[in-house]
Amino acid sequence: MEKKWWQDSVIYQIYPRSFQDSNDDGIGDLRGIIKRLDYLEKLGIDAIWLSPVYQSPNDDNGYDISDYESILPEFGTMEDMEELIAEGKKRNIKFIMDLVVNHTSDEHPWFIEAKKSKENPYRDYYIWRDPVDGKEPNDLQSIFSGSAWELDETTGQYYLHLFSKKQPDLNWENPAVQQEIWKLMNFWLKKGIGGFRMDVIDLVGKIPDQKITGNGPRLHEYLKKMNQETFGKYDVMTVGETWGATPEIAKLYSNPDRQELSMVFQFEHIGLDEQPGKSKWDYQPLDFIKLKRVLSKWQTELGNEGWNSLFWNNHDLPRIISRWGNDSPEYRELSGKMLATLLHLMKGTPYIYQGEEIGMINTPVSSIEEIDDIESINMYQERIKQGYESKDILKSINRKGRDNARRPMQWDNSLNGGFTKGKPWLSLNESYTELNVEKALADPNSIFYYYQQLITLRKENPLVVWGDYKELLPDDPHLFVYERSLANEKWLVMANFYNKSASYHGEIQEIDKVVLSNYPNPQQNLVGMTLKPYEVIVFKLK
Ligand code: TEU
Ligand code: CA
């Protein structure tokens, strides 16, 4: 396999609305990002995945695009975007643009035309069906609650929206739609971007009449075509968001021989604290043994026929320290470092979501009025109708709601954490006086410098990028233990996932040295080894 730049890279995700406001209107913006590039350079990342910054009515915070070739004025101008790319280049930081082409906004000119009449030339850009028995064509559900079909009064037909009704699905079977998409992708590629993150790309081959949404029959045909018509000619990376991917499916996307994508985000570990067959809102405690099994399976099954992306967080997920670590002041940093180590020493391309590198945590609310996210609000309304108690729904939202990740970045302990001097579009987590970038940068033991070390380890040790992975003690209920090896070198990663000491009962191997640890002076002999709460140690073995 020919080596690519993105294989030893670390990517940082920015949710621009919440990163840094530069003009005090309460909304993060492109000039705010430019100001913070030195900070990201210091962290050591190679590329930024930028959540959508395009023209949008913001029904789903930019994931509903009304013009792919212009910038939302709240975020800045195209000149600002070009300057951002150029400033990134000076620091060897590339930009991965979010490509949201499963759907557009209902305010996109294509949709405005399409709904004018059945004969409109843009009609077939979207998915229209006649009513059946005066009702929806079938019972397909929107991921944001309710029917996936919305009646258009003017023409008497329904259109498909797998997300909100302001996000009509594009009809990929129409070659004209494909041409439009290749065109907008080439527009961005010409600006010198580093690649694309492809929003819900596994849905674009849908056959709604058969209720097939993910992994439709023509999906890979479309992606091959896209590769040929657009990014295939550039040295860029592409990552597909694929909720339903198994390792076999991931190889279809990311096997270099097939010339589709660089890698995909797989979400198999993300559902392990949900009741089976239910939704993300229906909680059950994490099955730790399964978590180890799933992550280890992904480490070993792709082989040379695909590439992994590694992530705990993104803008849709709760903060990992609150979720699977411990967000008490005592254990916040220790558990954050433990989780970071497990992920960053695996094989694949790691992603850091803004604020993860300083250990940001969830923000519980006590009323639905405090919530901005459309997914949470729609679910709340649906469950109220179904008879759920408000306090129980809020419990689910506090655990899994997307606003947890979307609270503004905590830069310092000044008003609004240095994010804005105006009124922030979404209020901050009150921890910002204690938990912030300024404080992290002043403390050599902070989680920030720990992430910096993890990135450096990847840069300096081919074993981290290319080494084989082997899980040890798969049935241990507290410890996550694995080995990485390359040529004659072998590393052992040992982590205690819980808040009680746990002893090691595995094979005794000889230790050469400690590569990294989250407590000072870790034990250096596997005989009688006991790991403290959330302790993680990386050993180089003899
Ligand atoms: O997410 C896809 C998606 O399915 C999520 O909405 C998911 O169901 C849920 O939020 C998991 O917590 C992508 C984007 O990442 C998300 O922000 C968008 O809302 C969505 O697509 C529609 O574009
Ligand atoms: Ca602003």
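Since we're looking at a predicted model, the values are computed, not measured.

About the thresholds
- In every chain, residue numbers begin from 1 and rise along the written sequence.
- Chain letters and ligand numbers both follow the written order, the letters beginning at A and the numbers at 1.
- Local features in a predicted model are, by the rule used here, given only for residues with pLDDT of at least 70; side-chain atom pairs are given and counted only at 80 or more, and totals for whole chains, interfaces and linings are based on all residues.
- Only strands joined by at least two bridges in the DSSP assignment are considered to pair.
- Under the scheme used here, helices are H or I runs from DSSP no shorter than 4 residues and strands are E runs no shorter than 2 residues, and both carry numbers assigned from the N terminus.
- Only the stretch in contact is used when fitting a helix axis, every axis being a line fitted to C-alpha atoms; angles between N-to-C directions are given from 0 to 180 degrees.
- Orientation categories follow fixed angle ranges, with anything under 35 degrees roughly parallel, anything over 145 roughly antiparallel, 65 to 115 roughly perpendicular, and all other angles oblique.
- Rotating anticlockwise by less than a right angle from the far helix to the near helix defines a left-handed crossing, while the corresponding clockwise rotation defines a right-handed one.
- By definition, residues are in contact whenever their C-beta atoms, placed on the basis of the backbone, come within 7 Å of each other.
- Throughout, the ten residues Ala, Val, Leu, Ile, Met, Phe, Trp, Tyr, Cys and Pro are labelled nonpolar, Asp, Glu, Lys and Arg are labelled charged, and all others, Gly among them, are labelled polar.
- Comment: burial labels come from other C-beta atoms within 10 Å of the residue's own C-beta, placed from the backbone, where a count of 20 or more is buried, 12 or fewer is exposed, and between is partly exposed.
- Domain borders in the structure are assigned automatically or taken from a domain database.
- Between the first and last residue of a helix there are one fewer steps than residues, each counted as 1.5 Å, and that sum is the expected span.
- Directions are taken from the helix axis to each C-beta atom, and the arc is the one they span.
- UniProt positions are given in the numbering used here, feature names are shortened, and annotations may be inferred rather than shown by experiment.

A. Here's a closer look at the pairing of strand E8 (residues 157-160). Sheet analysis places strand E6 (residues 128-129) next to E8, joined by 2 bridges and oriented antiparallel. Its bridge partner being in E8, Arg129 is matched across the sheet by Tyr158. Summarising the sheet, strand E7 (residues 149-152) and E8 pair through 4 bridges and their orientation is antiparallel. In the strand pairing of E8, Asp152 is matched with Gln157. In this antiparallel pair of consecutive strands, E7 and E8, the connection spans 4 residues, and Gly156 shows a positive phi of 70°.

B. Region of interest: the packing of helix H11 (residues 374-385) against helix H12 (residues 390-400). Contact pair H11 / H12: the axes reach a minimum separation of 10 Å and the direction vectors enclose 155°. Overall, the two elements H11 and H12 adopt an arrangement that is roughly antiparallel. Crossing of H11 against H12: the hand is right-handed. Residues Ser376, Tyr380, Arg383 and Ile384 of H11 form the contact with H12, whose own contacting residues are Ser390, Ile393 and Ile397. Counted by class, the contact of H11 with H12 contains 4 nonpolar, 2 polar and 1 charged residues.

C. Inspection of the environment of Asp64 at higher detail. Within the secondary structure, Asp64 sits in the loop between strand E3 (54-55) and strand E4 (67-71). Sequence-distant contacts of Asp64, that is, excluding residues within four places in its chain, are made with Ser56, Pro57, Asp59, Ser105, Lys166 and Gln167.

D. How the structure looks around unusual backbone geometry. At Asn58, a position not held by glycine, the phi torsion is positive, near 60°. Mapped onto the secondary structure, Asn58 falls in the loop between E3 and E4. Among the residues examined, Asn58 registers 19 C-beta atoms within 10 Å and is labelled partly exposed. One non-glycine residue, Asn61, lies in the positive phi region at around 45°. Inspection of the secondary structure puts Asn61 in the loop between E3 and E4.

E. Representation of the domain arrangement of the chain. The domains assigned to the chain are domain 1 (8-103 + 175-451), domain 2 (109-160) and domain 3 (468-541). For domain 1 and domain 3, the distance between their C-alpha centroids amounts to 30 Å. Across the boundary between the two partners, domain 1 contributes 18 residues, which contact 17 residues of domain 3. Among the secondary structure elements, those contributing two or more residues to the side of domain 1 that touches domain 3 are helix H8 (288-301) and helix H10 (332-344). Here the side of domain 1 that touches domain 3 takes 7 residues from H8, the largest share from any one element. Per-class residue counts for the side of domain 1 that touches domain 3 are 8 nonpolar, 6 polar and 4 charged.

F. Focus on helix H5 (residues 175-189). The terminal C-alpha atoms of H5 lie 21 Å apart, and with 15 residues this matches the ideal 21 Å at 1.5 Å per residue to within 8%. Buried residues of H5: Val177, Ile181, Met185 and Trp188, and no others. End-on, the buried residues of H5 take up no more than an arc of 70°, which puts them together on one face. When the buried face of H5 is taken as reference, the exposed residues oriented beyond 90 degrees from it are Pro175, Gln179 and Phe187. Residues of H5 that are buried sit in contact with strand E5 (94-99).

G. The UniProt feature "domain: Glycosyl hydrolase family 13 catalytic" (unreviewed entry) in the chain, seen in detail. According to UniProt, the feature "domain: Glycosyl hydrolase family 13 catalytic" (unreviewed entry) maps to residues 13-406 in the numbering used here. Counted over residues 13-406, helix gives 32% and strand 12%. Its end C-alpha atoms are 12 Å apart.

H. Looking closely at the pairing of strand E13 (residues 349-353). Of all 5 residues making up E13, 5 are buried, and the element is well covered by its neighbours. Of the two faces of E13, the one carrying Thr349, Tyr351 and Tyr353 and the one carrying Pro350 and Ile352 are both buried. Alignment of strand E1 (residues 11-14) against E13, held across 3 bridges, turns out to be parallel. Bridge assignment links Ile11 to a residue of E13, and that residue is Tyr351. With 2 bridges joining them, strand E12 (residues 309-310) and E13 adopt parallel strand pairing. Looking at E13, one finds that Ser309 is bridged to Thr349.

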